[in-house]
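Structural characterization, general
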Amino acid sequence: MEEQGQESESHDAPQVSDDQAQKDEQERQREQQQAAKLLECEKLFTQPDSIMEPGILDVLRRYLDLGGSAQNGVDFLIDKYIGYGQMASLVCSWIAKADQANGETSSPNQADEVTHMQALIADKFDPDKVDALLRTRRGPPKWLTPLIADRAGRELIYTLSARYKNCQLLKYAMQRILMAGHDDEVASVGSRLAGYFEVFHNLMVKRLEEMLHVDDARMQVLSKELMDICCSSQHTYAHAQQLLKELGAQPQGARFKRLSQDMEVYAAEKLSHPIAWKMHQFFLGSHTSVADAEVAVLVADLLAADKGHTRSLIPKLHKLYCTPSQVHQIPPMELLQHPKVFEILVQGLFEPSQRLPVETQRTYVQLLATAASAVDQRQGGGSLDVAEVPAQVAALQGAITLAKQANEGHRFSPAELLQAAQPLQVPCAAMGLLYSMEQTLLDRRIWSTALDMLPAPAFLSLMLVLVPLHPLMHTKASQRHQVTVFWIPA
């Protein structure tokens, strides 16, 4: 029995020893962690002007909870106080008093101070730390409200938001700015903030709602803002186009349909994103048949083609739109009635430097006349009205003849000018003549000798007929007139 007891005691002794060693090791690790945390707090205390930091009281509480000395903490804060902020405020107050003494009511030092503060914040900004602050405080910081209320503060938020698109606090701040009614301000920032989808979507919806009730001047401003923010990426562009296509199909959707078309041109040409033309076919309505989708692909190819390759595609469209014997065989006119398609056809017909073969010219004229005058109401249960196409064809042919005569320096008699008014009443014919005039008068060879200036008076005579007929073309007409009057070759 004694031997068994001794054996049991011999087995228990190592177990007790191991447990004690484990406890000692845990205690040592705890003390090391506590010492590390104390050292971290002391490092924060020893930073210059640490007492001015917003969260320094929380750090001091944590330091005392870890067993740190209250006296040491206070001494650290006192020793490291320098007063940079107070000194800067003091100097600014001196400058303000000096300005007042000199009779100046405002001082640029405040603007300089804000500028330097913005640059400093932008340089030191850490989105991870800011988001951590948002989580630990269980709500937005108190300084955010006055920052949003200040114009310079909002501009700082815009700048930071464009750089740090995943920062939660900045996303929240942008929502607060929109809720505060600063829509115009956010819109002026434009594509920098399009990466914030909620901000982008809310702003786009508000602008689209406003477009329903504004005049043409405001409409142009809103269109430019929307094109700027919607064309910043393929995602925002696709979202905007899909929404505009749906709105354009509504009873009062003409403005949205035109905005969608202008946005395609803006993205493809102004921003050099030709893929926008290829995306044209992706936004067709759900009612589109397979045959109509193939037409849309052909139109997209025409829009994406460069100037030298469009001529091969025009006969294909002409065959689809102008040769079917049955009206129901003609594809939807909305696929053809795109501003860029009109531009391609007008330029092809009225380019002074090229002469189309007779059959090719007839193809261009008939397709352009169909696109300009056909009224398609088949989708709503109506019919396709092409009754005005012959008159449109005659007007285009007359305008082509007038442009040719003007380029040859023909002197129009009063009777001829009176007769010219008939074809120029048609908008497409008038636009063609304006384009021919621009291309001719921008050619340096026209101005090489006094004799070569003969086309200028001929075009000016036609302009006197055209301008009263089309008030909406006054801007383009005045631009062409400036070319005539002020063009001086280098």
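Residues numbered from 1 in each chain as written. Predicted model: local features only at pLDDT ≥ 70, side-chain atom pairs only at ≥ 80, totals over all residues. Heavy atoms only, no water.

**Notes on the overall build of the protein**
Of the regular secondary structure elements, the protein holds 25 helices and 2 strands. The 490 residues of the protein split such that 36% are buried. Counting only contacts in the protein whose residues sit at least 6 apart along the sequence, the fraction spanning at least 24 positions is 63%. On the protein, roughly 29000 Å² of surface is accessible, and the fraction owed to carbon and sulfur atoms is 56%. (Helix = DSSP H or I, 4+ residues; strand = E, 2+ residues; numbered from the N terminus. Buried < 20%, exposed > 50% of the residue type's maximum accessible area, 1.4 Å probe, protein only. Contact = heavy atoms within 4.5 Å. Areas by Shrake-Rupley, 256 points an atom, 1.4 Å probe, with all protein chains shown as cover.)

**A short note on unusual backbone geometry**
Of note in this structure, Asp49 is not a glycine but carries a positive phi near 60 degrees. Considering the arrangement of structural elements, one finds Asp49 in the loop between helix 1 (2-45) and helix 2 (56-65).

**Description of the packing of aromatic side chains**
The final tally for this structure, using the stated rule, is 4 aromatic pairs. With a centroid separation of 5.2 Å and an interplanar angle of 85 degrees, the aromatic rings of Phe45 and Tyr63 are classed as edge-to-face. Placement of the pair is Phe45 in helix 1 and Tyr63 in helix 2, with a sequence separation of 18 residues. By relative accessible area, which is 0% here, Phe45 ends up buried. Seen in terms of ring centroids, Phe125 and Tyr164 are 5.3 Å apart; in terms of plane orientation they differ by 40 degrees. Their pairing is tilted. Residue Phe125 is located in the loop between helix 5 (108-124) and helix 6 (127-136), and its partner Tyr164 is located in the loop between helix 8 (151-163) and helix 9 (168-179); the two are separated by 39 residues in the primary sequence. Across the pair, exposure class does not vary: Phe125 and Tyr164 are buried alike. (Phe/Tyr/Trp six-rings, centres within 6.5 Å; stacked < 30°, edge-to-face > 60°.)

**Focus on helix 13 (residues 234-248)**
In a regular helix each residue adds 1.5 Å, so 15 residues correspond to 21 Å; helix 13 covers 20 Å between its end C-alpha atoms and thus fits that length. Every buried residue of helix 13 is accounted for by Thr236, Tyr237, Ala240, Gln241, Leu244 and Gly248. Within helix 13, the buried residues cover an arc of 125 degrees as seen down the axis, which keeps them to one side. Against the buried residues of helix 13 lie helix 11 (197-211), helix 12 (216-230), helix 14 (254-270) and helix 15 (275-278). (Expected span 1.5 Å × (residues − 1). Arc of directions from axis to C-beta.)

**Description of the nonpolar core**
Residues Met263 and Tyr321 are the most contacted members of the largest nonpolar core, which totals 109 residues. If you tally residues by element for this core, the top one is helix 21 (residues 389-407), at 9 residues. Apart from the residues lying within four places of it in its own chain, the contact partners of Met263 are Leu226, Met227, Cys230, Cys231, Tyr237, Ala240, Gln241 and Leu244. In this structure, Cys41, Val59, Tyr63 and Leu66 belong to the second largest nonpolar core, which totals 9 residues. (Core = buried A, V, L, I, M, F, W, Y, C linked by side-chain atoms within 4.5 Å.)

**Concerning the packing of helix 9 against helix 11**
Relative to each other, helix 9 and helix 11 sit at 15 degrees, their axes nearing to 10 Å. Compared by their axis directions, helix 9 and helix 11 come out roughly parallel. Between helix 9 and helix 11 lies a crossing whose hand is left-handed. In this structure, helix 9 uses Met174, Gln175 and Leu178 to contact helix 11, whose residues at the interface are Glu198, Val199, Asn202 and Lys206. Its residues assigned to classes, the contact of helix 9 with helix 11 comprises 3 nonpolar, 2 polar and 2 charged. (Axes fitted to C-alpha atoms, helices over the stretch in contact; angles between N-to-C directions. Parallel < 35°, antiparallel > 145°, perpendicular 65-115°, else oblique. Left-handed = near helix turned anticlockwise from the far one by under 90°. Nonpolar A, V, L, I, M, F, W, Y, C, P; charged D, E, K, R; others polar.)

**Quick look at the environment of Gly153**
For Gly153, the location among the structural elements is in helix 8. Assessed through its relative accessible area of 5%, Gly153 is described here as buried.

**Looking at a nonpolar patch on the surface**
A grouping of Leu90, Val91, Trp94 and Ile95 is seen on the molecular surface, where their side chains present a nonpolar patch of about 360 Å² in accessible area. Assignment of secondary structure puts Val91 in helix 4 (residues 84-101). (Patch = residues over 30% accessible without salt bridge, like charges linked within 9 Å, V, L, I, M, F, W, Y side chains within 5 Å. Salt bridge = Lys/Arg side-chain N within 4 Å of Asp/Glu carboxyl O.)

**Observations concerning the environment of Ala371**
Mapping Ala371 onto the fold places it in helix 20 (residues 358-373). Put simply, Ala371 and Glu334 are 37 residues apart on the chain and 8.7 Å apart in space, counted from C-alpha to C-alpha. In contact with Ala371, other than residues within four places in its own chain, are Met333, Leu336, Gln337 and Phe342.

**Quick word on the side chain of Arg154**
Of note, Arg154 is situated in helix 8. Overall, Arg154 belongs to the buried group, its relative accessible area being 6%. Polar side-chain contacts of Arg154 include one of 2.9 Å to the backbone oxygen of Ile148. If near-sequence neighbours (up to four positions away) are discounted, Arg154 is found in contact with Leu147, Ile148, Ala149, Ile177, His182 and Glu185. (Polar contact = N/O pair within 3.5 Å; in protein donor to acceptor, adjacent residues only side chain to side chain.)

**Let's talk about the pattern of salt bridges**
Counted under the stated rule, the structure contains 11 salt bridges. For the salt bridge of Arg61 with Asp58, the shortest nitrogen-to-oxygen distance reads 2.9 Å. One end of the pair is Arg61 and the other is Asp58, both in helix 2 and 3 residues apart, which spans about a single turn. A relative accessible area of 44% means that Asp58 is categorised as partly exposed. In this structure, the salt-bridge partner of Asp376 is Arg378, at a minimum N-O distance of 2.8 Å. On the basis of relative accessible area, Asp376 is assigned to the partly exposed category, the value being 27%.

**Side note on the confidence of the model for the protein**
Mean pLDDT over the protein stands at 81; residues scoring 70 or higher make up 86%. For the protein, per-element mean pLDDT is lowest for helix 25 (residues 474-486), which scores 58, and highest for helix 20, which scores 94. Of the regions scoring below 50 in pLDDT, residues 483-490 engages in 16 contacts with residues more than four places distant in sequence or in other chains. (pLDDT = per-residue confidence, 0-100.)

**A word on the state of the cysteines**
Evaluation of the coordinates by the stated rule reveals 0 disulfides. Cys231 takes part in no disulfide bond, and the closest cysteine sulfur to it belongs to Cys230, at a distance of 6.5 Å. According to the relative accessible area criterion, Cys231 is buried, its value standing at 7%. (Disulfide = S-S within 2.5 Å.)

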